[in-house]
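Structural description and commentary
Listed below, chain by chain, are the residues.
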Amino acid sequence: MSIKASELILNPDGSVYHLNLRPEHLASTIITVGDPDRVDSVTQHFDSIEFQTKKREFHTQTGTYKGKRITVISTGIGTDNIDIVFNELDALVNIDLEKREIKDQLTSLEIIRIGTSGSIQKEIPLDSFLISDYAAGFDSLLHFYKSEHIQYHKISEALVKHTNWSPLKSRPYIVRCNETLFNKFSSDNTVRGFTATNVGFYGPQGRVLRLPLQDDDLNDKLASFDYNDMPITNLEMETAGIYGISALLGHKALSINAIIANRATGEFSKDPAALVNNLIEYTLGKLVE
């Protein structure tokens, strides 16, 4: 069945609407970053760059690192952008854009997120690399898709009970990374994480400027939550959406965070730029092992 023009929007050159990409521009291995300027920080390590484009917050470059073809794309902030980026990446490889039909043979992409995050556990050291094994989504993105089969409902139920979660908020969903990628990127230099993906930077992450919070103790409740020796480790804004949409579409995804802040101790990294560059080099090295 042909997908309607209003559902799969293409630009006049045949590229997908938001990302401005055509299938030939995309590698099967993709690195996502939140900040558009961080794309250059990754590709400065490449041997060559064959393609680049910019549209809105979505900046993309495809090139080669030590013989491996890789695409680097910025998503911007939040799971609403993840919904756009990951659906359009999937469309590039799994939908015939001319016929507007889903292909018979589907392609599974390998997607690595390089991001920054704040720890809520004092034991997790500043300037460490944290790999998210599980993620809790406090947004509502996955509830708009048939996603019950990829969610860990017992963990969600325990989290709702522990935090006395307000029924006015979206019910947390719990999803997991791709196990193969987790094992590939884990090392003595990384920390295993259970990441909370928030819907905002200020109130949703317990920051108070002028607006009072619905739950002043939420961060403390999250920090004290522990499911089978698996505490929530850090806060950020994309990972749960990445894991959820990737799993539904059949792609492999992993989120790696540079811990630039520790909310429990009030510390902030003295050189976050250097830390992120170290994480970039670590990630690229693992991709070509």
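Residues numbered from 1 in each chain as written. Predicted model: local features only at pLDDT ≥ 70, side-chain atom pairs only at ≥ 80, totals over all residues. Heavy atoms only, no water.

**Quick notes on the pairing of strand β2 (residues 48-55)**
- Of the pairings in the sheet, the one linking β2 to strand β3 (residues 58-65) comprises 7 bridges and is antiparallel in character. Its bridge partner lying in β3, Lys54 is registered against His59.
- In this antiparallel pair of consecutive strands, β2 and β3, the connection spans 2 residues, and Arg56 shows a positive phi of 55°. (Pairing = 2+ DSSP bridges. Helix = DSSP H or I, 4+ residues; strand = E, 2+ residues; numbered from the N terminus.)

**Structural notes on the pairing of strand β4 (residues 68-74)**
- With 5 of 7 residues buried, β4 lies mostly within the body of the structure.
- Pairing analysis gives 4 bridges linking strand β1 (residues 29-33) to β4, with the strands arranged parallel. For Thr32, the partnering residue across the bridge sits in β4 and is Ile73.
- Pairing of β3 with β4, which is carried by 6 bridges, proceeds in the antiparallel orientation. Paired with Gly63 across the bridge in β4 is Ile70.
- Here β3 folds back onto β4, and the loop between the two strands holds 2 residues, one of which, Lys66, carries a positive phi near 50°. (Buried < 20%, exposed > 50% of the residue type's maximum accessible area, 1.4 Å probe, protein only.)

**A short note on the pattern of salt bridges**
- Counted by the stated rule, this structure contains 10 salt bridges.
- Between Arg69 and Glu50 there is a salt bridge, with the nearest N and O atoms lying 2.7 Å from each other. Of the two residues, Arg69 sits in strand β4 while Glu50 sits in strand β2, which places them 19 residues apart along the sequence.
- Classification of Glu50 as partly exposed rests on a relative accessible area of 48%.
- Between Arg113 and Glu238 there is a salt bridge, with its nearest N and O atoms 3.0 Å apart. (Salt bridge = Lys/Arg side-chain N within 4 Å of Asp/Glu carboxyl O.)

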